[in-house]
Structures are given as structure tokens and as C-alpha cells.
Amino acid sequence: MAPRLQLEKAAWRWVETVKPEEISQEHIDLAYRINLPACKRGSCRRNCKGNPNCLVAIGEQAWLGEIDENTFHNIDDPNSERRDKNTFVGLTNLGATCYVNTFLQVWFHNLELRRILYQCHNPRAQEHNTESDYEPQSICEHLQYLFALLQNSNRKYIDPSGLVKALGLDTGQQQDAQEFSKLFLSLLEDTLSKQKNTTLQNVIQQQFCGQFSYVTVCNQCGRSSALPSRFYELELNIQGHKNLTECVTEFLKEEKLDGENRYFCESCQSKQSATRRIKLHSLPPTLNLQLMRFVFDRQTGHKKKLNTFISFPEQLDMGPFLEGKPDQTCVYELSAVLIHRGVSAYSGHYIAHVKDARTGDWYKFNDEEIEKMEGKKLQLGIEEDIAETAKSQTRKPKCSKGYHCSRNAYMLVYKAQEEENSDPSWTNVEVPAFLQRLVDQDNHKFEEWCSEMADMRKQSVDKGKAKHEEVKELFELLPTRDGEPYEFVPLDWLKKWLDDSTATKEIDNGHFLCSHGKLHPDKVGDSKRVSQQAAQLLYERYGGGPRLDGSSLCRECVGQRCRVLRLKNQLNEDYKEVSNLVKRSPSGEGFWVGKASLRSWRQLALDQLEEDEHKTKHGNVQTNGEGLHGNSKEFGPELSEGTEDEMKTFNEDVVCSHGGLTILETERKLVSPDVWTKLRAYFPKAPEFTQSQEACQKCLTLEQEEKDNEAVSKMMALDQKNQLPNLFHEKNRPTLAKWPQGTEVLYVVPLFFVDEWKKFIRRPTKSSPVSNVGNTLLLCPHGGFMFTYDSLIHGDAQHSPLAQRMGRDQQTLHCRSANQHPLHERGHAHRRHHEVHNSA
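Scoring rules and cut-offs
Residues numbered from 1 in each chain as written. Predicted model: local features only at pLDDT ≥ 70, side-chain atom pairs only at ≥ 80, totals over all residues. Heavy atoms only, no water. Helix = DSSP H or I, 4+ residues; strand = E, 2+ residues; numbered from the N terminus. Buried < 20%, exposed > 50% of the residue type's maximum accessible area, 1.4 Å probe, protein only. Contact = heavy atoms within 4.5 Å. Areas by Shrake-Rupley, 256 points an atom, 1.4 Å probe, with all protein chains shown as cover. Pairing = 2+ DSSP bridges. Arc of directions from axis to C-beta. Core = buried A, V, L, I, M, F, W, Y, C linked by side-chain atoms within 4.5 Å. Axes fitted to C-alpha atoms, helices over the stretch in contact; angles between N-to-C directions. Parallel < 35°, antiparallel > 145°, perpendicular 65-115°, else oblique. Left-handed = near helix turned anticlockwise from the far one by under 90°. Nonpolar A, V, L, I, M, F, W, Y, C, P; charged D, E, K, R; others polar. Salt bridge = Lys/Arg side-chain N within 4 Å of Asp/Glu carboxyl O. pLDDT = per-residue confidence, 0-100.

## A short note on the overall build of the protein
Per the secondary structure count, the protein includes 22 helices and 31 strands. Across the 840 residues that make up the protein, the buried fraction comes to 45%. Sequence separation of 24 or more characterises 75% of the internal contacts of the protein that already satisfy a separation of 6 or more. Total accessible area on the protein stands at roughly 45,000 Å², and carbon and sulfur atoms take up 47% of it.

So, in C-alpha cells, the structure goes:
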């Protein structure tokens, strides 16, 4: 289909040969594009807005044919939030809390810690009414409830925000993971120490605490001193090392104390060189090894991450490192590896690989996502694929059987082998009844939510299917066949009707109406012509109106548009003809036209015709023009006067304020009846004045009165100038320092008064006579004079350009209301802008 502008021109091409009074129904149908061919499906990429019969690409593609019911809703399957059988429960990442989630999963899989936590006294949970939500308070209560949910929840993942909030952590900022581990275990130990059950008081120490001592030997006297200490994790330096054994060996190696770092020996009672080393005495059942990947960089002043590959065994024999027990076997099994993905110490992502103590299977815990490893083996996989520069790329070393290699592991958790095998029933950890009751309550809420989401999905699907059937039914009825009744429906409404994401409102044709209450010709491009049968069904289901059928085609608007377009086509020819005719003297009685209007009539007519042509809102069409443009001088120099900018309608520049013909003949020109006839066609409501029509009598009377007033003002000014020549010419002015002879009193008047009086004398016809001296300007709020006598002589007032003095012989102005203010030789007054004049 042709573009919209081409369809617009084709719809009105007939106006070139048809006058407004000759318009037939055929022309009206052409203007409203009734007989344009409808576009076939698939022929238009976009809907043809210029063709009311094009019903293609308005959104129908989504409804025709078979539709997957999932397109009728945007609700995910609630079962996707359900925990799979024989899998663990994940934890929601609250923003930057992945490091917290990894530790929680590791501690949850510590069966002894979980078993002991379940035994903690919790009267709040035991007495809780299941009709309301359970809200833990202490850290122990939060951890208890969280572990119970991780064990028996039906959810795929749970929200740890309660515990995170209780810990006071910022969910948007990633904390130091290693420091968090220390602080949390310390906090948990402090919380459990307050339990009445002694078994619970020491569970953290029993599970994680080992013993070592710092042994210092004096080089001078050989005295040995030991400082015993407890540890919950061993912090191992990895810089310069390749495997875990080297890291532990360096941790225990001997250190020399000399120079400024010498040791104070109590036997020698002085600082002496010495050696110091760490001796391991006992190890806990759960051995936490912190690989110090995040170190302080002295050059930058910030932490940095060491991406060094470190190999570590699945079985770790710590016997050789125990002091005094070189032959003792102390074997640990790898139970968890905590990973930091990323090259920076301040960003990245934390995940955990944890071994299930019951089955021996390895799982990867990545917040909400949990993945079971195949073959019951630890598989670090893509956890080692971090982004790095070409310079820092290093090849992963080969690992022996039973060993793993990582450059992202920052914590290793080992479990003592004999601890696991000591009791066959140690893997069975049951959730206490009071906690299970809370878990059941949460599971019930989850099932209700799943049911609600399923119902919402079903409702959306049912609604979508019903809409699908409706669209298929009605869309087939929309096209209009030749000779059948039809109606117009807004295109935007049809698009919204076919857009399932928006609620369908009633049909509104109100903004399509012209001033005659019918369909405006300019709005046909924004509407679609549909069969009356389809329109009837749409109005029955959705309501609205007014309905626009075949009788709503507006003959008046089509006739007006025809007139406008014909005048627009004729404008250039008429302009040339008027330009030639106006240069000739009119024969017979002519018509008065404003010179400004005559200079600008073409642009004014063009503006008015374009406004009429594009008018899309209902309202009466103005035909006299609004605003003028252009500065054509084709009518000769006699038309050069006048200001078009002040004119609003054609020929208003010959209309006076009383509505009559202006008396200013220089602003109007006489034109022939032929010229006026052509202008009248474009401006039928323009003011009309014939040659024989007299100018406005009121304006003539006012003009004569103005001339008389000017004569009186001239006589008055001349009389006052003759009476006060010295004041007008600034001659023989009196001064306070030297009074005129025979003068006892000087008078003061404002300089503003003198200036205004001089203006009137110089230009009596342009200025008004002075009627008041206005000495109130020289008074203070109390009614006294603003200046003192001394200030007038010695102060700033004597140099003030705003004051003059006037002698008595000069005080002959015709100002009856002037307030005289005399200045006596020893008098006192206040100071203000003034003039002094000697008295008569």
C-alpha cells in the first residue's frame, strides 16, 4: 500500500475539478477512502494508517493459529520453587551475602554441631502459637530455626535475612569472609556458654578448638618458656608454596628473634637473641585451615588476592606435626572447600563444595543453586576459570591421585577420620518436635502459596483461551464486504484489544468528531472501517460510543476542505492578478484596504488555509486569518507604511477603536471592486469600507479637540516661560552663601518639579502641564523639613543636583497647591532633595 501522504493526496485529488457545491456522495467516499482495497495478510510489515480498510499488523498475529497456554501468563511454575527429592536446600543471596551462605552450609553439614544446636533451650519456639509467624530473637534461635528449615523444608531455597539482620551485616557490602568466620564462631561460643546444659556450653571448643604453644628459647642461657594458646583455625601463608604440607611446615618452623626484635629473658634479665616456634599439642575433630589468599599490599595500601595454585590431599595426616607424638596417626578427611571466584579481594563470588557426611557425595552450594557432583568425588571444575590478564596466566599443575589443586580455595575443612567411624548412628540427626512444628507451619504456608500461584496461572490461562476464541471469532468478521453496512472503530482501541497485557476499556470515538458531530475527515487515518456485525458485537461486550456508521461521513467538512484546497491552489494566480490590479487607479467606486493588510494578504491567506486544512479538532473554522507574515513591496512605495505585527485579522488596520473607518488616510489604500472581490473570497468576514463611506466622526471630533488642547498648552507654556525666564535658562540663581540684596526669605522646591516644568515648556504638545509643586518629597515623617541650614551650606545638600533655590521675585508659577518652605538665616530644618528659591 502507498505511504500515508500519497493516500492523503489521492483522496482529495478530485477537488481540482469539483467545486464545493458540486460535491456528490462519490466524492465524499473518496475523501473518507471508503473504496480503498483492503491489504492481504502478510503483505504489510506495518499497518497502513492511511487506509481505513487495512486490518493487518495491528496485533492479530499473536492470536491467529495455535497458541501455547504459557503465553497467557507471566507466572512461573510454583513447583520450580519446590525442593527436589534427595537434595539439599539453598540459601537466598541478599545482595552480597554469598560468603555468609557458604559458611552456613558448611556448619549445617557439621552433624555434631547441628545435633547440639537442636538441644539448646528455646522456650520461645516451644511455646509459639502457630497461628502467627515465628520470629527468632537470639543468634542461637536463628541458627536453630535456619538449620531445621535447611533439613526439612519443602522449599528449594530459604531466606536467611533474619539471621543476617540479627548479625548486623550490610547486605550490600561484601565483608572479609575469613574474619566473618572467626567472629561468628566466637559469637556462637559466647551464646552457647550461657546455656544451662554443660554439654552445650563447650560444643564450639569441642568441635573446633585445638591447643598449641609459642615456645621461645634464649640463645644466651638456653632457658625455654612456653605460652599456651587455643586456636579455632590455622592461618597458613601460601605465598611461595605449592602444597598444603609446605604451608603447615612454614607455620610451625623456627623463627629467629634478634636485633630490635630480641626477646626479654627473665633469667638473664635483659633482651637476648632467641628462637621461637609453634608446637601443636592437640587438634580438634573439625580442623579449619585458612589459606591466606587475601594479604595486605604495602605498595598500594590495599588488600590483594594471591591467585597461587595450592594442592591439598583428600586425606591429611597431621600426626607428624603433633609435638611429642611423631608416630601417632592423626588422619583427617576433606569435608569442605570454600572457593572465592574473582581476581580482586574486594569483589567476586563465594561458593562451597561440601561432602555429605551420610552418603559421602559431594555437592556444590552456590546460593540458591545446588549441584550434586558425579562419582562421589570433589570436582572443582570451572571454579578455577577466573578472568585474568595474559601476563598473570599460569598453567594448572598436575595433581597426584587423591590430591586437588586450586588457586581460588581460601578455606579447607577436614574432619577427623576416627570421629566419623566411632558411632554408626552418628549420621542420624532428628529435628526436635518443637522445631519441626515450626517447619511444618512454614511448609504449609509454602503449599498455600503454590496453590495460589497455580490458581492464578489457571485463571490467566482460562482468560487467555477465552480471549483467543473471541479474537478468532471477531477478527474474521471485521473486514467489510462491498455494499454491506459498516462502522468506524479507533485503531488504537483495536490494538489495545489485541494486546492481552492491557485491560480493554470501552470504545471512545469522542475525539474523532468534527464540529458537526460526525467523523472528521482528518481522523479517518486513525480509525478502521469494520463490518456492522463485528462492531455490534464489540459494543455489546465493551460498550462506548458514539457509534460512527456510513451516515457519519460529514458533507460540510468535505465541502470546507474542498473550498480550502481550491483556494490554496488558486492563491498564487490570484496574488499575481491582485498585484497588477492594485497598481491601477480604480474606476468607479472602490474599497478601502489597509496598506499593511495589502502587503501581507497572501501569507495571511496561506496561513489560514493551512490552518483550516490541518484542523483536526471540532470548532468553528475562522476565515479571516490570525497573524500576518511577510514584507512584500510589490504594490509600490505608497504601501510601505504600517506595522503588520500589530494586525491580527485582515483589514483590521483600517478600523478605528470605535469600529469605524480610520481617519489616517496614509494607512489605507483604495482598491478596485475586482481586487476586493478576490480578497473577499479568502477573507469573507473581513471589515468592508466603500469609497463613499465617511471616516469615523468620533475620531474626527477627538482629533479637533486634541488640536485645540495643543494650542492652549502652547500659549500656557509661552506665558510661563516669559514670566520665569531665569528659572528656565538657569541664570541668576540665588545661593545660600550669598543672599540676593533685599531678600529675607528663600523658598525650596523639588528638583523633580523643575525638571517636569521645563519638559512642558520645551514640548507643550507632548508633555502635560505641571499641576503640583509636590513639596511633600522634602518632608520627614513628622511633617518637618528634611535639611538643616548648615547642611544646606556646608553639607552634601549644597552640591545636590536634586535641589534648586528660587527667589521671591521668581515665585510666580500657577501652582495653587504648592507648600512653601521658607529658609530664614538662622532657622533650622531637616535635609532632603530640594531647591532653594529667594522669596518675592
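## Description of the side chain of Asp356
Locating Asp356 in the fold gives a position in the loop between β16 (349–355) and β17 (362–366). Assessed through its relative accessible area of 4%, Asp356 is described here as buried. In this view, Asp356 contacts Phe88, His109, Asp361 and Tyr363; residues no more than four positions away in its chain are not counted.

## Examining the pairing of strand β10 (residues 286–291)
Across the 6 residues that make up β10, a large majority, 6, are buried. Burial along β10 is two-sided: Thr286, Asn288 and Gln290 and Leu287, Leu289 and Leu291, pointing in opposite directions, are all buried. Pairing between strand β5 (residues 234–236) and β10: 3 bridges, direction parallel. From the neighbouring strand, Leu236 faces β10, where its bridge partner is Leu291. Pairing of β10 with strand β20 (residues 409–416), which is carried by 5 bridges, proceeds in the antiparallel orientation. Bridge pairing in β20 places Leu289 opposite Leu412.

## Focus: helix α18 (residues 673–682)
Taken together, the buried positions of α18 are Val675, Trp676, Leu679 and Tyr682. Projected onto a plane normal to the axis of α18, the buried residues spread over an arc of 115° and lie on a single side. In this structure, α18 carries Asp674 and Thr677 as exposed residues pointing more than 90 degrees from its buried face.

## Description of the nonpolar core
In globular proteins that are soluble, nonpolar side chains generally tend to be buried together. Within the largest apolar cluster, 58 residues are counted, with the highest numbers of intra-cluster contacts made by Trp107 and Leu117. Looking at this core element by element, the count peaks at 9 residues for helix α6 (residues 139–152). Ignoring anything within four residues of it in the chain, the contact list for Trp107 reads Leu113, Phe147, Phe180, Ser181, Phe184, Leu185 and Phe208.

## Description of the pairing of strand β23 (residues 527–531)
A regular strand carries its side chains on alternate faces of the sheet. Among the 5 residues in β23, 5 count as buried, and that is most of the element. Across 5 bridges, the pairing between strand β21 (residues 486–490) and β23 is antiparallel. Bridging across to β23, Phe488 finds its partner in Arg529.

## Examining the packing of helix α16 (residues 555–581) against α18
Relative to each other, α16 and α18 sit at 155°, their axes nearing to 10 Å. In terms of orientation, α16 and α18 fall into the roughly antiparallel class. Our pair here, α16 against α18, has a crossing hand that is left-handed. Listed contacts from α18 to Arg563, Leu567, Gln570, Leu571, Asp574, Glu577, Val578 and Leu581 of α16 are Asp674, Val675, Lys678, Ala681 and Tyr682. Class assignment for the residues of the contact of α16 with α18 results in 7 nonpolar, 1 polar and 5 charged.

## Focus: the pattern of salt bridges
Scanning all chains against the criterion turns up 23 salt bridges. Between Lys364 and Glu371 there is a salt bridge whose closest N-O contact spans 3.5 Å. For Glu371, a relative accessible area of 41% puts it in the partly exposed group.

## Some remarks on the confidence of the model for the protein
Scored by pLDDT, the protein has a mean of 80; 84% of the residues are at 70 or more. Every residue in residues 387–392 scores below 50 in pLDDT, and together they form 5 contacts with partners more than four places removed in sequence or on other chains.

## Some thoughts on unusual backbone geometry
Pro546 follows Gly545 through a cis peptide bond whose omega is -5°. Relative to the helices and strands, Pro546 resides in the loop between β24 (544–545) and β25 (548–549). Not every positive phi belongs to a glycine, and Arg33 is a case in point at roughly 55°. For Arg33, a relative accessible area of 5% puts it in the buried group. The phi dihedral of Asn86 is positive, around 60°, even though this residue is not glycine. Tracing the backbone shows Asn86 in the loop between α2 (25–31) and β1 (90–91). For Asn86, a relative accessible area of 68% puts it in the exposed group.

## Comments concerning the sheet that holds β23
If you walk across this open sheet you meet the 3 strands as β23-β21-β25, and the pairing is antiparallel. Strands with a single pairing partner mark the edges of an open sheet, and in this sheet they are β23 and β25. Alignment of β21 against β25, held across 2 bridges, turns out to be antiparallel. Each residue of the ladder has a partner; that of Glu487, found in β25, is Asp549. Across the sheet, helix α14 (residues 491–498) touches β21 and β23, and the angle it forms with β21 is around 75°.

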